[in-house]
Structures are given as C-alpha cells and as structure tokens.
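Here's the letter readout for the chains.
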Amino acid sequence: MLRYVNLYCNTACDSRCTTCNFWRMKPRHRLDPNVLEGIATSRFADEETWFALQGGEFTLHPRAGEILDLFAGRSFVLFSNLLNPPRVIALVKKHGVKHVTVSLDGGREGYARIRGVDAFDRVTAGIVELQQHAEVAVGITLTPWSRYDDYAEAADFCRANDVPFGVNIYTDSRIYEATQQPGEIPFLPRVVEETGDRFCAAYLRWRAGTLDLGCRSIRSVASISPDGDVHLCHNQDVILGNINDMRFDEIWGSEETARTHAAFATCNACWTSCYRMHDLPPDAS
C-alpha cells in the first residue's frame, strides 16, 4: 500500500530556485485532473496514505481547484512557495485545504540568494495570514551553498510565530532536473546538535559511509512528474510507466514494477527525504 504520493502537478513556477529547474523546463507540462482521478481513487491508497500536491508552484496550475476537490476525501498537503499569498489563501479557503507546507530556505538575503526572488517579507507575512485558515508548516532546505545564518533566520521566524518546521537536505533530483551537485554542509552538525533532527543526523552518517540502509520506501512512496511519468524515485533514471498511457493502478500493481522494486531494495545511493525518512528505523540517529 502507498504511504506517500508526490504529485508534481505542473512545471510552471514563479520562483527561480538554485535547487530545482522546473522553472526552466520547456515545453511546459501539467497533469490533467481527469488522469489524477485514478490516483485519488487508487486501490493502493487508504486512510494512511498522504498525497503531496506540488509543482513547480501548484497554485499556478490552471485547474488547481479541480485537483484539490479530487483529493478532498483524502489526506493531502498543499505545497507552495507562497509568492502570491492572496492566490494561495483564496484556494485554501474555497476548497477547505487543511494542511499547507511553505518553502523558506533562508532569511532576507539567503532567501533571495537560494530561491532567486527577493520575497522573504512577502512570504513570511503570507504565512502568518495563512495560519488563520489552515495548519501551516515550513520546509527549510539546506544546501552546500547555504550558510548557517540562512537556516537560523528561517528557523527563528518559525519559532517566533509558532510555525512547525522541518529541515531537508538538498539532493540532485532527476525529477527537478537539478544540476547542482550535493556536497558537504559544514554547519549541519551544529543544526543536528541544536534540533536533534534524526534525518539530518542519519545523513551525516550516510555521507561518511557508515550508514548502509536499504531503500524499502520505494514500495510505498510514489513520485509522478508533470509529464505523467511514474518514477522509481528521485535519483535513479528509472520510469515505471506513464499515467497518460496507462492507469496508475496498472503501473503500480504490475509484475514489472514489483521486479524493479525488488532489484533496488538494497539501494543506498541517495538521501532524498520523501523516501529515506520512511526507511529510518525508530532509533536511528
């Protein structure tokens, strides 16, 4: 059964992030709500399955409201850069969105440097307003070109405004067509010491070569890009099928997919959060 489904619904984006190239992609792609209905009603999803509705910037999808309504009976999170708070808040209110995660990868200077637009004040003001309508969390991605102050300023904002936040580690995702290479994050041990974050602590061991952890999560996490490809994961160039050509359940339930999952069950090649968090044992650190 699926536990987490990444739906990258469109490539359109008004950020210019160094961590992702959706905004550069040509031609533009978007998932059709008629095709997504087969995922919302999948026999592999149950009450424990969470759907991540993402882009690009999800709210730039011209049929974003229809997609939100498709998943109204499911547990889902709307991911947004919140560069246009009125647009996001209007969708949240109209469609009863309960959970929103906003990317905030630095303070004023760091946000502009990493995300390519000078919008820290606009986004943080939007977060405060959005809290009146939904449960809001923040994601802070740490990269080799981040600085400790980038993390600290974003985290300080969250603590001051009672916004829960999580720390992510940059990886060169094939889905995002990321070109920057992962590398050492010198201040990461300090973040681990301050937060006790299990995922980041395990990353330090993995990067040092002392954590060999099989990838069981590929059996329960699905990632679908804006062109409809169902990816084995973010970091292997393996496509299981395309939902524009075949129903998702036929792809996910096929013998070929089962063989592919088995072939990569011992893979330890990346540290992508939406997969590796599910692989961590409870006592991992």
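Residues numbered from 1 in each chain as written. Predicted model: local features only at pLDDT ≥ 70, side-chain atom pairs only at ≥ 80, totals over all residues. Heavy atoms only, no water.

## Here we look at the layout of surface pockets
Logical step 1: Approximately 1,400 Å³ is the volume found for the largest pocket.
Logical step 2: Lining the largest pocket are 50 residues; nearest its centre among them are Gln54, Phe79, Thr101, Asn168 and Ser273.
Logical step 3: Secondary-structure elements contributing two or more residues to the lining of the largest pocket are strand S1 (4-8), strand S2 (50-54), strand S3 (75-80), strand S4 (99-103), strand S5 (135-142), strand S6 (165-169) and helix H11 (273-279).
Logical step 4: Element by element, the count of residues in the lining of the largest pocket is highest for S5, at six residues.
Logical step 5: For the lining of the largest pocket, a count of residues per class yields 24 nonpolar, 21 polar and five charged. (1 Å grid on protein atoms, 1.4 Å probe; cavity = no way out; pocket = protein on both sides within 12 Å on 5 of 7 lines; lining within 4 Å. Points joined across faces, edges and corners; volume = space filled by probe spheres on them. Helix = DSSP H or I, 4+ residues; strand = E, 2+ residues; numbered from the N terminus. Nonpolar A, V, L, I, M, F, W, Y, C, P; charged D, E, K, R; others polar.)

## So, the nonpolar core
Logical step 1: Counting residues in hydrophobic clusters, the biggest one holds 73 residues, and the most contacted among them are Leu7 and Tyr151.
Logical step 2: Tallying contributions element by element places helix H6 (residues 148-160) first for this core, with seven residues.
Logical step 3: Excluding anything up to four places from it in sequence, Tyr151 contacts Ile140, Leu142, Arg159, Phe165, Val167, Phe187, Val191, Glu194 and Thr195.
Logical step 4: One finds Ala52, Val238, Cys274 and Tyr275 within the second-largest nonpolar core, a separate group that totals ten residues. (Core = buried A, V, L, I, M, F, W, Y, C linked by side-chain atoms within 4.5 Å. Buried < 20%, exposed > 50% of the residue type's maximum accessible area, 1.4 Å probe, protein only. Contact = heavy atoms within 4.5 Å.)

## Details of empty space enclosed by the protein
Logical step 1: Across all of its chains, the model carries one cavity of 30 Å³ or more by this definition.
Logical step 2: Every residue along the wall of the largest cavity is listed here: Cys215, Ile218, Leu232, Cys233, Gln236, Phe264, Cys267, Asn268, Ala269, Cys270, Tyr275 and Arg276.
Logical step 3: Among the residues forming the lining of the largest cavity, the class breakdown is nine nonpolar, two polar and one charged.

## With respect to the sheet that holds S4
Logical step 1: Ordered in space as S6-S5-S4-S3-S2-S1-S7-S8-S9, the nine strands form an open sheet in which the pairing is mixed. Each edge of the open sheet carries a strand with a single partner, namely S6 and strand S9 (239-242). Sheet twist, expressed as the mean angle between neighbouring strand axes with direction ignored, is 25 degrees. (Pairing = 2+ DSSP bridges. Axes fitted to C-alpha atoms, helices over the stretch in contact; angles between N-to-C directions.)

## Focus: the packing of helix H3 (residues 85-95) against helix H5 (residues 120-130)
Logical step 1: At their nearest, the axes of H3 and H5 sit 10 Å apart, and the two run at 20 degrees to each other. Classified by the angle between their axes, H3 and H5 sit roughly parallel to one another. Remark: the crossing between H3 and H5 carries right-handed chirality. Contacts between H3 and H5 involve Pro85, Ile89 and Val92 on the former and, on the latter, Arg122, Gly126, Glu129 and Leu130.
Logical step 2: Per-class residue counts for the contact of H3 with H5 are four nonpolar, one polar and two charged. (Parallel < 35°, antiparallel > 145°, perpendicular 65-115°, else oblique. Left-handed = near helix turned anticlockwise from the far one by under 90°.)

By themselves, these observations are geometric and do not establish any function.
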